[in-house]
Amino acid sequence: MTHAMVKGSNIPLHATTVRAVLRWTAGQGVPDVDASALLLGPDGRVRSDEDFVFYNQPRHPSGQVWRLGKKRTGERLTDTIQTDLSGVEGSVGRILLVASADGVTFDRVRALRILLYDAAAADADPLAYFDVKPETGRETALICGELYRRGEGWKFRALGEGYSNGLVGLATDFGISVDESEAAEEPPPPPAATPPRPLPAAPGPTPLPLPAATPAPATPPQAFPAAPQPFPAAPGQDPAPLPAAAQTLPPRPAGPVPVVAPDQPTTVQPVPSYPLPPERPAGVPAQPAYGYPPQPPAHPAHGYPRPAGRPEFRLPPQGPQFVGR
């Protein structure tokens, strides 16, 4: 039978080994919850720092109290503390079962519940459960319940007592020595934003020295072609001089050459004429053509030369068959 417990109620425990399961519902913005245990002596305080079982010290030196770790089932998360009540030292009278959230208040934790199981009975229903509800909502650590001695046996009591200074404040109240480096302190405010320093300009490539400009060699002015030579004179005569217009070329006009429109009349420049060779004087033989020797005068009738020392050749008289034709 499972007991639904309210704050301050208690039940006797007949099991020798119990599992205290801390369970809550995950979601966006829900903090992570850790389970821990404190073993208290007769004066209600820990005997030493070794009596604090938490995430940095998951097992008591006696081996009778330890953390089983976290699990997830669907949307539900659990963290478990297991205790062998039969082996707990006699000087320990109470064991506190604690839930803590690092720097986050429990008003953001949904459906926080502690369930007590008999560890020897596998898959059995819980012995009891207690829905833990913070009183102010600003708590960052909660004592969900406690296991305590009563005569020769043990009992469980539902508590739900909160601390606003977290697990460190709760542990300090019960005699745990907390180093200043482990104390939960407010983080220092972030430093003022410092404008970034401008990065130095990357060195550019060193310009190479350019070679000195070498002056281009002066191009001599192009000379106009020589004036054309006169035709060779006949043997024994002086060459005829060229006219003044042919001895020198006219100067090249400066500037662009004027373009004559098609519809404008074009002026034809006169071409200088060369003088004709003088006539051959009488008694001077003509020059041989193409260098051949002079030919004898042609025969007046047939154009063949007459052989030297032979009489003039005459045709024989024609016969009657040729007469009258």
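In short, a report on the structure. Think of each chain on its own: its residues are numbered from 1, step by step along the sequence as written. Confidence filtering applies because this is a predicted model: local features only for residues at pLDDT of at least 70, side-chain atom pairs given and counted only at 80 or more, and all residues used for totals across whole chains, interfaces and linings. Think of the side-chain values as coming from all heavy atoms in the structure, minus any hydrogens and water.

1. A few points about the packing of aromatic side chains
Piece 1. By convention, a stacked pair of Phe, Tyr or Trp rings (six-membered ring in the case of Trp) has centres within 6.5 Å and planes under 30 degrees apart, an edge-to-face pair has planes over 60 apart, and any other such pair is tilted. Summed over all chains, the structure comprises 2 aromatic pairs.
Piece 2. With centroids separated by 4.3 Å and ring planes inclined at 10°, the aromatic side chains of phenylalanine 52 and phenylalanine 54 adopt a geometry described as stacked. Each member of the pair phenylalanine 52 and phenylalanine 54 is classed as buried.
Piece 3. The rings of Phe52, Phe54 and Tyr55 are connected pair by pair, giving a single aromatic cluster. The buried label goes to any residue with under 20% of its type's maximum accessible area, the exposed label to any with over 50%, and the partly exposed label to all in between, with areas taken from a 1.4 Å probe on protein chains only.

2. Quick word on the pairing of strand β12 (residues 153–163)
Piece 1. Bridging between strand β2 (residues 10–13) and β12 involves 4 bridges; their strand directions are antiparallel. Pairing of leucine 13 across the sheet is with tryptophan 154, part of β12.
Piece 2. The pairing of strand β11 (residues 141–150) with β12 spans 9 bridges and is classified as antiparallel. Within β12, the position partnered with leucine 142 by the bridge is glycine 162.
Piece 3. In short, DSSP must find at least two bridges between two strands for them to pair. Helix numbers and strand numbers start at the N terminus; a helix is a DSSP run of H or I with at least 4 residues, a strand a run of E with at least 2. Between β11 and the antiparallel strand that follows it, β12, lie 2 residues; glycine 151 among them carries a positive phi value of about 70°.

3. Observations regarding helix α1 (residues 166–173)
Piece 1. Buried within α1 we find Gly166, Leu167, Gly169, Leu170 and Ala171.
Piece 2. Here, two residues are considered to be in contact whenever any of their heavy atoms come within 4.5 Å of each other. Contact partners of the buried residues in α1: β4 (33–40), β5 (52–53), β8 (94–101), β11 and β12.
Piece 3. After α1 finishes, the residue glycine 175 shows a positive phi value of roughly 95°.

4. Here's the deal with the environment of aspartate 34
Piece 1. As for its placement among the helices and strands, aspartate 34 is situated in strand β4.
Piece 2. Separated by 46 residues in sequence, aspartate 34 and threonine 80 have C-alpha atoms that sit 9.0 Å apart.
Piece 3. Apart from residues no more than four positions distant in its own chain, aspartate 34 is found in contact with Leu22, Tyr55, Lys70, Asp79, Val98, Ala99 and Ser100.

5. Looking at unusual backbone geometry
Piece 1. One non-glycine residue, alanine 111, lies in positive phi territory at about 55°.
Piece 2. Residue placement: alanine 111 occurs in strand β9 (residues 110–118).

6. Some details on the environment of glycine 175
Piece 1. Within the fold, glycine 175 resides in the loop between α1 and α2 (244–247).
Piece 2. Sequence separation between glycine 175 and arginine 47 is 128 residues, and the spatial gap between their C-alpha atoms is 8.0 Å.
Piece 3. Among all residues touching glycine 175, those that are not within four sequence positions of it are Arg45, Val46 and Asp49.

7. What to know about the nonpolar core
Piece 1. By nonpolar core we mean a set of buried residues, namely Ala, Val, Leu, Ile, Met, Phe, Trp, Tyr and Cys, connected to one another through side-chain atoms within 4.5 Å. Core analysis: the largest hydrophobic core is formed by 39 residues, its most contacted members being Ile95, Ile114, Leu147 and Phe156.
Piece 2. With residues near it in sequence (within four places) discarded, isoleucine 95 still touches Ala37, Leu38, Leu39, Val65, Thr83, Val88, Gly145, Glu146, Leu147 and Trp154.
Piece 3. Formed by 16 residues, the second largest nonpolar core is a distinct cluster that contains Leu40, Ile143, Leu159 and Ile176.

8. Details of the pattern of salt bridges
Piece 1. The term salt bridge refers to a pairing of a side-chain nitrogen on Lys or Arg with a carboxyl oxygen on Asp or Glu at a separation within 4 Å. If you walk through the whole model with that rule in mind, you get 10 salt bridges.
Piece 2. In this structure, the salt-bridge partner of arginine 47 is aspartate 51, at a minimum N-O distance of 3.0 Å.
Piece 3. Assessed through its relative accessible area of 37%, arginine 47 is described here as partly exposed.
Piece 4. One salt bridge in this structure joins arginine 67 and aspartate 79, with 2.6 Å as the shortest N-O distance. You can see arginine 67 sitting in strand β6 (residues 65–73) and its partner aspartate 79 sitting in strand β7 (residues 76–84), a full 12 residues away along the chain.
Piece 5. Taking relative accessible area as the criterion, arginine 67 reaches 16% and is therefore assigned buried.

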